[in-house]
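Next come the chains, spelled out residue by residue.
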Amino acid sequence: MNPDDYEALPTNNVVTHMTAGAIAGVMEHCVMYPLDSVKTRMQSLSRTNHHGVIDTFSRMVQKEGILRPVRGMSAMVVGAGPSHALYFSTYEYIKNSLKQKTNNTRYHPLIHG
């Protein structure tokens, strides 16, 4: 698909933005949650016990079970969905509002930023 065709898709509906934001946020957090769990474990324990991400991850799984790196993910999903939905829909609303106030039809980095 051509990027211009993608940008021309009708997405002025706030529900579309909220749904896309919620799905993207939940997926991002679900993918990164095991790594965040390992990172938190590494920061909270002394450095002499663990020598890296892979070592910490393997010790967590061996000693506490295969589901240990994802324990607590459900609480994160409950918070991430609404949070990202609100963030994404607000971003799109403000971006579209600022686009209407400018005469430039091309990409404007300050508006998108």
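Sequence order as written defines residue numbering, which begins from 1 separately in each chain. For this predicted model, a pLDDT threshold of at least 70 governs which residues receive local features, and a threshold of 80 or more governs which side-chain atom pairs are given and counted, while totals over whole chains, interfaces and linings are taken from all residues. To get the side-chain values, all heavy atoms of the structure are used, and hydrogens and water are removed first.

## Quick notes on the environment of Tyr91
(1) Moving on: In this description a helix means any DSSP run of H or I spanning at least four residues, a strand means any run of E spanning at least two, and both kinds are numbered starting from the N terminus. With respect to the secondary-structure elements, Tyr91 resides in helix α4 (residues 73-100).
(2) Moving on: When a residue's accessible area, from a 1.4 Å probe over protein chains only, is under 20% of the maximum for its type it is buried; when over 50% it is exposed; and in between it is partly exposed. Taking the relative accessible area as the measure of exposure, Tyr91 reaches 26% and is therefore partly exposed.
(3) Moving on: Along the chain, Tyr91 and His112 lie 21 residues apart, while their C-alpha atoms are 8.8 Å from each other.

## Describing α4
(1) Moving on: Here α4 is 28 residues long and its end C-alpha atoms lie 40 Å apart, about the 40 Å a rise of 1.5 Å per residue gives.
(2) Moving on: Bend at a residue means the angle formed by two fitted axes: the first through the 7 residues ending at that position, the second through the 7 residues beginning there. Its axis deflected by about 25 degrees at Ala80, α4 carries its strongest bend there, up to four residues before the proline Pro82.
(3) Moving on: Listed in full, the buried residues belonging to α4 are Met73, Met76, Ala80, Gly81, Ala85, Ser89, Glu92 and Lys95.
(4) Moving on: In what follows, residue pairs with any heavy atoms lying within 4.5 Å of each other are defined as contacts. On its buried face, α4 sits against α2 (14-44) and α5 (109-112). The span expected for a helix works out to 1.5 Å for each residue beyond the first.

## A look at the environment of Ser74
(1) Moving on: Topologically, Ser74 is positioned in helix α4.
(2) Moving on: With a relative accessible area of 57%, Ser74 lands in the exposed category.

## Observations concerning the confidence of the model for the chain
(1) Moving on: Per-residue confidence from the prediction method is given by pLDDT, with values spanning 0 to 100. Per-residue confidence for the chain averages 82 on the pLDDT scale, and 83% of its residues sit at or above 70.
(2) Moving on: Here helix α1 (residues 3-7) stands out as the element of the chain with the lowest mean pLDDT, 66, in contrast to α2, whose mean of 89 is the highest.

## Considerations on the nonpolar core
(1) Moving on: We define a nonpolar core as any set of buried Ala, Val, Leu, Ile, Met, Phe, Trp, Tyr and Cys residues linked to one another through side-chain atoms lying within 4.5 Å. By size, the foremost hydrophobic cluster in this structure holds five residues: Val26, Tyr33, Met73, Met76 and Ala80.
(2) Moving on: Broken down by secondary-structure element, the contributors of at least two residues to this core are α2 and α4.

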